[in-house]
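# Structure assessment
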Amino acid sequence: MGEFIYIPIIFFGLIILISSFFVVKQQTSAIVERFGKFQSVRHSGLQLKIPLVDRIAGKLSLKIQQLDVIIETKTLDDVFVRLKVSVQYKVIRDKVYDAFYKLDYPHDQITSYVFDVVRAEVPKMKLDDVFVRKDDVAIAVKAELNDAMAEYGYDIIKTLVTDIDPDAQVKAAMNRINAADREKTAAQFEGDAARILIVEKAKAEAESKRLQGQGIADQRREIARGLEESVEVLNKVGINSQEASALIVVTQHYDTLQSIGQETNSNLILLPNSPQAGSQMLNDMVASFTASNQIGEAMKNAKNKKIEE
């Protein structure tokens, strides 16, 4: 019967013994108090405390934490803008006591400092400068928080301005300005492209005309060479140059009539084809050549006379 009396005592002793041990997770610190007074800071691992005397007052994470703060303020050019500032912070390992006992609500404290700094810096900038110099705002927030929160055992790792959101009407106006600027640039490029196309087309046409003129000149040169040879052949049989030229013209006239007659799809062309018309054409050609020769001789004589004077 006496053995059963010791069973509750043993059981109670085991409970007290087990409660003397506790585990602190990695990257965590535990605050141990003895009768309500700070006793020690325990870090990760298996820890021992006095049962019924010591108690765990609380635990603090030593991991990097992030607090997102949304602030609405006004810029120098009177534009209301909403900023999102992300503050990354952690408890300093050697200052767990300060972090636990000196500050009840660290989030509220950090938020107050962020509001204070942002509302002091942003009103000095225009809206465009806020976008360009957002890193300056983040640096100012970090500097202010480091000075203030180090006393309470918190280290500010990084501050980031992660979002800048102007009023909807302002954003629409900015988009219109951007679109108009891009349309202006596109119009300039299109104008330059059209100008280059016109210039290149004109150059191509000029080159085409030059080559066409060169071809016509070569063609006429060959025709003239052929006529010259024909006249030389006719001169050998006693036909003078004027008669030879007229004969060649008449021959080309009838060759043209023959060529037109052989084409089934040729257009209608009315030309004189009677023998009298050929004779008249020959006489006209001879008369024209004679007149041109006389004019040429007169001009040559006048030129020689002028040189002699």
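Here, every reference points to the structure presented above.
None of these values were measured; they are calculated from a predicted model.

### A look at the overall build of the protein
Looking only at helices and strands, the protein has 8 helices and 8 strands in total. Residue pairs at least 24 apart in sequence account for 62% of intrachain contacts in the protein once pairs closer than 6 positions are excluded. Here the protein displays about 21,900 Å² of accessible surface, and carbon together with sulfur accounts for 56% of that area.

### A closer look at a nonpolar patch on the surface
Residues I10, L14, L17, I18, F21, V23, L46 and L48 make up a contiguous nonpolar surface patch of roughly 830 Å² in combined accessible area. Broken down by secondary-structure element, the contributors of at least two residues to the nonpolar patch are α1 (2-19), β1 (21-24) and β4 (45-48). Among the elements that line the nonpolar patch, the one with the most residues is α1, at 4 residues. If you trace the backbone, I10 turns up in helix α1. The exposed category is assigned to I10, whose relative accessible area is 53%.

### Observations concerning the nonpolar core
Looking at soluble globular proteins, one finds that nonpolar side chains tend to be buried together. One finds I110, V114, V118, L145, M149 and Y154 to be the most contacted residues of the largest nonpolar core, which totals 35 residues. With near-sequence residues (within four places) excluded, I110 lies in contact with L67, V87, Y89, L145 and M149.

### Regarding the packing of aromatic side chains
Here the structure, examined in full by the defined rule, presents 5 aromatic pairs. Ring geometry for Y97 against Y101: centres 4.8 Å apart, planes inclined by 40°, an arrangement best described as tilted. Placement of the pair is Y97 and Y101 together in helix α2 (residues 96-101), with a separation of 4 residues, close to one helical turn. Pairing F100 with Y101 gives two aromatic rings, centres 4.9 Å apart and planes at 80°, and the pair type is edge-to-face. You can call Y101 partly exposed: its relative accessible area is 31%. Three or more aromatic residues joined by ring pairs make a cluster, and in this case those are F38, Y97, F100 and Y101.

### A look at the pattern of salt bridges
Counted by the stated rule, this structure contains 8 salt bridges. Among the salt bridges present, the one from R34 reaches D54, with a minimum N-O distance of 2.6 Å. Taken together, the residues R34 in strand β2 (residues 28-34) and D54 in strand β5 (residues 54-61) connect sequence positions 20 residues apart. A salt bridge links R210 to E207, with the shortest nitrogen-to-oxygen separation between them at 2.6 Å. Taken together, the residues span about one helical turn, with R210 and E207 both in helix α6 (residues 168-236) at a distance of 3 residues. According to the relative accessible area criterion, R210 is partly exposed, its value standing at 45%. Note on E207: relative accessible area 36%, which makes it partly exposed.

### Some details on the pairing of strand β3 (residues 37-42)
Across 5 bridges, the pairing between β2 and β3 is antiparallel. Bridge assignment links I31 to a residue of β3, and that residue is V41.

### A closer look at the pairing of β2
Put simply, side chains in a regular strand alternate between the two faces of the sheet. Of all 7 residues making up β2, 6 are buried, and the element is well covered by its neighbours. Where β2 meets β5, 7 bridges bridge the pair, whose relative direction is antiparallel. Bridged to R34 within β5 is D54. Hairpin connection from β2 to β3: 2 residues lie between these consecutive antiparallel strands, with F35 at a positive phi of about 55°.

Rules used throughout
Residues numbered from 1 in each chain as written. Predicted model: local features only at pLDDT ≥ 70, side-chain atom pairs only at ≥ 80, totals over all residues. Heavy atoms only, no water. Helix = DSSP H or I, 4+ residues; strand = E, 2+ residues; numbered from the N terminus. Contact = heavy atoms within 4.5 Å. Areas by Shrake-Rupley, 256 points an atom, 1.4 Å probe, with all protein chains shown as cover. Patch = residues over 30% accessible without salt bridge, like charges linked within 9 Å, V, L, I, M, F, W, Y side chains within 5 Å. Salt bridge = Lys/Arg side-chain N within 4 Å of Asp/Glu carboxyl O. Buried < 20%, exposed > 50% of the residue type's maximum accessible area, 1.4 Å probe, protein only. Core = buried A, V, L, I, M, F, W, Y, C linked by side-chain atoms within 4.5 Å. Phe/Tyr/Trp six-rings, centres within 6.5 Å; stacked < 30°, edge-to-face > 60°. Pairing = 2+ DSSP bridges.

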